[in-house]
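# Structural characterization, general
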Amino acid sequence: MDPLSVVPSAVPSVPPRADEFAAVPAFDAASPATTAAGPVAVVEILDRDGQVRQSVAVAAWPLRIGRALDNEIVLSDAHVAASHLTITRREQVLELEIGSTHNGVQHGRKHLRAGELEAVAIDSGRGAPIELGLGRTRLRIRLPDQPLAAEQPLAAVVPLAKRLRPIVIAAAVLLLALTFNTYLDTDPDGFGRALGNMLLTAVLGAAIWCGVWAMLSKIFTRQAHFGWHLRVFLLASIALLAVGALPALLAFSLSWTWLTDFAFVGVFVVGAAALYFHLLAVEPAKHRLLRWMAVGGAVAGIIVTMWFNEQRTDQLGDELYMNHLFPPALRLARPVPAERLVDGLTSLKATLDRKAKDSAASGGDDGSTREDD
């Protein structure tokens, strides 16, 4: 049996369909207990992605929810008590009376425990439904006098050629960039073999990476979204190549050496963004949490890298000197006179003398220790 199945004991024997309650009459405030014109509310059972799995009409107030068969809504959830919750409407207020339960009821950020009574104001103007958590079951209560959200237009049907065009362009740009890097890093005699290895590694890596993410999306959202994951992979790979090349070029052209020292910041930012968009196809209903996770992961990675750099080289940056020299024609900064360079080195004299003295003292101690031995 489906753990979220519902037995609507207070409605007609024929199970109602969700489309039957797309429009219900306005609620009669003078008679809040029941109405002969239609249901007084609709309770929707949501899945983990926030999609409606089942809708149940409420014929009258009060509404009792639990696992016992004498409830109006019976939930097959082992984490729900026999008489878990009773909901009563009084004018523009819904009263939530928590029954004898260990797990209580989650309403927004509030956790209501057994025996508590919570009054929830009904915001008829804004039309925000009331969502509750009972055990592992999520419920959403819709009332007749709450206006429906505006109809959302269907996504335009894009021809296959237009959908594939961005992917093909991104794949071509990535392969050209990888080919150019392979040409720079290998000898002419071994270029053909290196190019074949690069292409095989790139294609297999992309297929495995996107396939794993597509499988996760299929498990959690019942849709693979392979094209989405492939676009994220291609754009993130191009961005990583750009982040690896541009800081060194700009540092050489403008004499901004700190760009190469902190080039790893861009790598973490691109990686966090790619992870966010991959996870967005797996957990589309938790985009805010995923955004904070991506930001937190990038910040944590940057801080840890700076800490390791400080421990290894006594500086926060990643490089002690620039390791890329480009053609002089790309140089935009004005040349520095030799006298200015020498004057700038004088500030290092005290530091170098101190390190030399410490090194000599350490060597002397070692020598005396060896002589004593």
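Residues numbered from 1 in each chain as written. Predicted model: local features only at pLDDT ≥ 70, side-chain atom pairs only at ≥ 80, totals over all residues. Heavy atoms only, no water.

## Side note on the overall build of the protein chain
We apply this condition: Helix and strand labels come from DSSP, where a helix needs a run of H or I of at least four residues and a strand needs a run of E of at least two; each type is numbered from the N terminus. A simple rule labels every residue: compare its accessible area, found with a 1.4 Å probe on the protein chains alone, to the largest value its type can have, and call it buried under 20%, exposed over 50%, or partly exposed in between. Note on definitions: a residue-residue contact is assigned when non-hydrogen atoms from the two residues lie within 4.5 Å. Every accessible area reported is derived by Shrake-Rupley at a probe size of 1.4 Å, with residue values counting cover from the shown protein chains alone.
A count of helical and extended segments in the protein chain gives eight helices and twelve strands. The proportion of buried residues among the 373 residues of the protein chain is 30%. In the protein chain, the proportion of contacts linking residues at least 24 apart, taken out of those at least 6 apart, comes to 54%. Accessible surface computed for the protein chain: about 24100 Å², of which carbon and sulfur atoms make up 63%.

## Examining the sheet that holds strand 8 (residues 105–107)
Selection rule: Paired strands, in this sense, are two strands between which DSSP finds at least two bridges. With axes taken as lines fitted to C-alpha atoms, and helix axes fitted only over the stretch in contact, angles between N-to-C directions fall between 0 and 180 degrees.
If you walk across this open sheet you meet the six strands as 3-2-12-11-8-9, and the pairing is antiparallel. Each of the sheet's edge strands pairs with one partner strand only, and the pair in question is strand 3 (52–58) and strand 9 (110–112). This sheet shows a mean twist of 25° between the axes of neighbouring strands, independent of strand direction.

## Remarks on the nonpolar core
Grouped burial of nonpolar side chains is what soluble globular proteins tend to show. The criterion, for reference: Definition of nonpolar core: a set of buried residues of the types Ala, Val, Leu, Ile, Met, Phe, Trp, Tyr and Cys, connected through side-chain atoms within 4.5 Å.
Of all hydrophobic cores here, the largest spans 27 residues; its most connected members are I65, L85, I87, L132 and L134. Of all the secondary-structure elements, those providing two or more residues to this core are strand 2 (41–46), strand 3, strand 4 (63–66), strand 5 (73–75), strand 6 (85–90), strand 7 (93–98), strand 11 (130–134) and strand 12 (137–142). Residues in contact with I65, not counting those within four places in the same chain, are N71, I73, L75, S83, H84, L85, I87, L134 and L139. One finds L174, C210, L230 and L234 within the second-largest nonpolar core, a separate group that totals eight residues.

## Thoughts on the packing of helix 2 (residues 191–221) against helix 3 (residues 226–254)
The criterion, for reference: Our angle categories are set so that under 35 degrees counts as roughly parallel, over 145 as roughly antiparallel, 65 to 115 as roughly perpendicular, and the remainder as oblique. Should the near helix be turned anticlockwise from the far one by less than a right angle, the crossing is termed left-handed; should it be turned clockwise, right-handed. Throughout this entry, Asp, Glu, Lys and Arg are counted as charged residues, while Ala, Val, Leu, Ile, Met, Phe, Trp, Tyr, Cys and Pro are counted as nonpolar. The remaining residues, Gly among them, count as polar.
Where helix 2 contacts helix 3, the two axes come as close as 9 Å, and the packing angle between them is 135°. Relative to helix 3, helix 2 is oriented oblique. For helix 2 against helix 3, the interelement crossing comes out right-handed. Seen from helix 2, the contacting residues are A206, W209, C210, G211, W213, A214 and S217; seen from helix 3, they are F226, H229, L230 and F233. Split into classes, the residues belonging to the contact of helix 2 with helix 3 amount to eight nonpolar, three polar and no charged.

## Focus: the packing of helix 1 (residues 160–185) against helix 2
Here helix 1 crosses helix 2 at 145°, and the two axes come no closer than 10 Å. The crossing of helix 1 and helix 2 is right-handed. Two secondary-structure elements touch here, helix 1 through L175, L178, T179, T182 and Y183 and helix 2 through F191, A194, L195, M198, L199 and A202. Looking at side-chain class alone, the contact of helix 1 with helix 2 contains nine nonpolar, two polar and no charged residues.

## Examining the pattern of salt bridges
This is how it is decided: For salt bridges, the criterion is a side-chain nitrogen of Lys or Arg within 4 Å of an Asp or Glu carboxyl oxygen.
On inspection of all chains with the given rule, the structure shows nine salt bridges. The closest approach of N and O atoms between E72 and R64, which form a salt bridge, is 3.2 Å. Given a relative accessible area of 18%, E72 falls into the buried group. Residue E95 is joined to R90 by a salt bridge in which the shortest nitrogen-to-oxygen separation is 3.1 Å. Looking at E95, the relative accessible area reads 23%, which means it is partly exposed. According to the relative accessible area criterion, R90 is partly exposed, its value standing at 47%. Several salt bridges converge on common partners, so that one network encompasses E44, E131, R138, R140 and R142.

## Some remarks on the environment of A273
Examined against the element boundaries, A273 turns out to sit in helix 5 (residues 263–280). Assessed through its relative accessible area of 32%, A273 is described here as partly exposed. Sequence separation of A273 and A236 is 37 residues, and the distance between their C-alpha atoms is 8.1 Å.

## Structural notes on the pairing of strand 3
Pairing of strand 2 with strand 3, which is carried by six bridges, proceeds in the antiparallel orientation. Residue pairing in the sheet places L46 in a bridge with V52 of strand 3. Counted between consecutive antiparallel strands, the loop separating strand 2 from strand 3 contains five residues, among which G50 sits at a positive phi close to 85°.

## Section: the environment of W61
Along the chain, the position of W61 falls in the loop between strand 3 and strand 4. Sequence-wise, W61 and R89 are 28 residues apart; in three dimensions their C-alpha atoms are separated by 6.6 Å.

## Side note on the confidence of the model for the protein chain
Quick note on the threshold: Note on scores: pLDDT gives the predictor's confidence for each residue, bounded by 0 and 100.
Taken residue by residue, the protein chain gives an average pLDDT of 82. The fraction at 70 or more is 85%. Mean pLDDT in the protein chain bottoms out at strand 1 (residues 6–8), which sits at 47, and peaks at strand 4, which reaches 96. Confidence over residues 1–35 falls short of pLDDT 50; this stretch has 64 contacts with residues more than four positions distant or in other chains. Of the regions scoring below 50 in pLDDT, residues 367–373 engages in zero contacts with residues more than four places distant in sequence or in other chains.

## Considering unusual backbone geometry
The residue after W61, namely P62, is reached through a cis peptide bond having omega 0°. We note that S255 has phi near 60°; this positive angle belongs to a residue other than glycine. Mapped onto the elements, S255 comes out in the loop between helix 3 and helix 4 (258–261). In this structure S255 comes out as partly exposed when scored by relative accessible area, which is 35%. If you check the backbone angles, D314 has positive phi at about 60° while not being a glycine. Relative to the elements of secondary structure, D314 occurs in the loop between helix 6 (287–313) and helix 7 (338–345).

## Here's the deal with the packing of aromatic side chains
Just so we agree on the cut-off: Working definition: a ring pair exists when centres of Phe, Tyr or Trp rings (six-membered ring for Trp) sit within 6.5 Å. Plane angles under 30 degrees give stacked, over 60 give edge-to-face, the rest tilted.
Tallied over the full model, the rule gives seven aromatic pairs. Both rings, one in W228 and one in F277, keep their centres 6.3 Å apart while their planes meet at 55°; by these two values the pair is tilted. Residue W228 is found in helix 3, and its partner F277 is found in helix 5; the two are separated by 49 residues along the sequence. The class for W228 is partly exposed, based on a relative accessible area of 32%. An angle of 20° between the planes, with centres 6.2 Å apart, marks the rings of W256 and W258 as stacked. For W258, a relative accessible area of 47% puts it in the partly exposed group. Put simply, the rings of W228, Y276 and F277 pair up and form one aromatic cluster.

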